[in-house]
Amino acid sequence: MAARIDHAVTAGTFSLDGQTFDVDNNVWVVGDDTECVVVDAPHDVDAILAVVGGRRVRAILATHAHDDHVRVAPALARATGAPVLLHPTDRVLWDQVHPDEAPGGELRDGDTVEVAGVALTVLHTPGHSPGACSFHAPALGAVFTGDTLFAGGPGATGRSYSDFGTIIDSIRNRLLTLPPVTVVHTGHGESTTVGAEAPHLAEWLARGH
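Cut-offs used in this document
Residues numbered from 1 in each chain as written. Predicted model: local features only at pLDDT ≥ 70, side-chain atom pairs only at ≥ 80, totals over all residues. Heavy atoms only, no water. Helix = DSSP H or I, 4+ residues; strand = E, 2+ residues; numbered from the N terminus. Rg over C-alpha atoms; globule rule 2.2 N^0.38 Å. Buried < 20%, exposed > 50% of the residue type's maximum accessible area, 1.4 Å probe, protein only. Areas by Shrake-Rupley, 256 points an atom, 1.4 Å probe, with all protein chains shown as cover. Pairing = 2+ DSSP bridges. Contact = heavy atoms within 4.5 Å. Axes fitted to C-alpha atoms, helices over the stretch in contact; angles between N-to-C directions. Polar contact = N/O pair within 3.5 Å; in protein donor to acceptor, adjacent residues only side chain to side chain. Parallel < 35°, antiparallel > 145°, perpendicular 65-115°, else oblique. Left-handed = near helix turned anticlockwise from the far one by under 90°. Nonpolar A, V, L, I, M, F, W, Y, C, P; charged D, E, K, R; others polar. Expected span 1.5 Å × (residues − 1). Salt bridge = Lys/Arg side-chain N within 4 Å of Asp/Glu carboxyl O.

Looking at the overall build of the chain
Item 1. Of the regular secondary structure elements, the chain holds seven helices and 14 strands.
Item 2. Relative to the compact-globule value of 17 Å for 209 residues, the chain shows a C-alpha radius of gyration of 16 Å, a close match.
Item 3. Over its C-alpha atoms, taken along the principal directions, the chain stretches across nearly 45 × 40 × 30 Å.
Item 4. Counting only residues that meet the buried cut, the chain has 53% of its 209 residues in that class.
Item 5. Surface exposure of the chain reaches about 8500 Å², of which carbon and sulfur atoms provide 51%.

So, the sheet that holds strand 1 (residues 4-16)
Item 1. Spatial strand order, 1-2-3-4-5-6: six strands in an open sheet with mixed pairing. Where the open sheet ends on each side, the last strands, each with one partner, are strand 1 and strand 6 (105-106).
Item 2. Pairing between strand 1 and strand 2 (residues 19-31): 13 bridges, direction antiparallel. Residue pairing in the sheet places G12 in a bridge with V23 of strand 2.
Item 3. Its contacts with the sheet put helix 1 (residues 45-52) on strand 1, strand 2, strand 3 (35-39) and strand 4 (56-61), and the angle it makes with strand 1 is roughly 170 degrees.
Item 4. Contacting strand 3, strand 4 and strand 5 (84-86), helix 3 (residues 73-80) crosses the sheet at an angle of about 160 degrees to strand 4.

Some details on the side chain of D67
Item 1. Residue position: D67 is located in helix 2 (residues 67-70).
Item 2. Here the side chain of D67 touches S15 through a polar contact of 3.1 Å, landing on its backbone nitrogen.
Item 3. Setting aside anything within four residues of it in sequence, one finds D67 in contact with T13, F14, S15 and V97.

Considerations on the packing of helix 1 against helix 3
Item 1. Contact geometry of helix 1 with helix 3 gives a least axis separation of 10 Å together with a crossing angle of 45 degrees. On the basis of the axis angle, helix 1 is oblique to helix 3. As for the relative orientation of helix 1 and helix 3, their crossing is right-handed in sense. Within the contact between the two elements, helix 1 uses V45, I48 and L49 and helix 3 uses A75, L76, A79 and T80.
Item 2. Here the contact of helix 1 with helix 3 is composed, by residue class, of six nonpolar, one polar and no charged.

A word on helix 5 (residues 164-175)
Item 1. Along its 12 residues, helix 5 runs 15 Å from first to last C-alpha, staying within 8% of the 16 Å computed at 1.5 Å per residue.
Item 2. Looking at where helix 5 begins, the residue whose side-chain oxygen comes 3.3 Å from the main-chain nitrogen of G165 is D163.

Comments concerning the sheet that holds strand 14 (residues 192-193)
The strands that make up a sheet are held in pairs by hydrogen bonds between backbone atoms, and each pair lies either parallel or antiparallel.
Item 1. Pairing is mixed across the open sheet formed by six strands, whose spatial order is 7-8-9-10-13-14. The sheet terminates laterally at strand 7 (112-115) and strand 14, the two strands that pair on one side only.
Item 2. Lying over the sheet, helix 5 contacts strand 8 (118-124), strand 9 (133-137) and strand 10 (142-146), oriented at roughly 145 degrees with respect to strand 8.

Section: the pattern of salt bridges
Item 1. Across all of its chains, the model carries 10 salt bridges by this definition.
Item 2. The closest approach of N and O atoms between R4 and D33, which form a salt bridge, is 2.8 Å. With R4 in strand 1 and D33 in the loop between strand 2 and strand 3, this residue pair connects regions lying 29 residues apart in the sequence.
Item 3. Residue classification places D33 among the partly exposed residues on the basis of a relative accessible area of 45%.
Item 4. For R78, the salt bridge identified is with E101, shortest N-O distance 2.7 Å. Residue R78 is found in helix 3, and its partner E101 is found in the loop between helix 4 (91-97) and strand 6; the two are separated by 23 residues along the sequence.
Item 5. Of the residues examined, R78 reaches a relative accessible area of 59% and is grouped as exposed.
Item 6. Among the ionic contacts, a cluster of salt bridges with common partners joins R4, D6, D33 and R55.

Following this line, the structure appears as structure tokens:
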């Protein structure tokens, strides 16, 4: 059975630096009819489990540790038996959300996570947060970018632990170097492609954050 990408949107809040906003988050599930991995665990365990179905969850991959991306990660881990994997430099943000529960493992740049015959390569893409990661699945022609790259530009960098220059470097050197036809599945909003976003890099630099 060929691997595929399934999708759900959950609604909730994002809180950081004393402010709270309503947000809709994408959840991406990569796998076949037997097993899968979940990219991000935002607001609603039941909504994620509905997409998973009866499949074995091999891992819960956190693109970063802002609360709207990991709020139900420990609960999802308990429900599925899968470890939550997070880049260690985002632990400072994780601990703000889950001070009494550690992630189940670490993500490192260049690691691969295999599921349903497909390899997802971990790309450390800091800037939106120190440990932000993207997951490139060449066999599926896709990359999962969390809040690093959206349809229309880079993720926000106006809050604690973020940096505009760093996110631009991540996008330029790690994401825009992927094949132009690569579909960019984002943490919020619509998907795009590398080819659609690459021509706008100079505009983003001029705009700044």
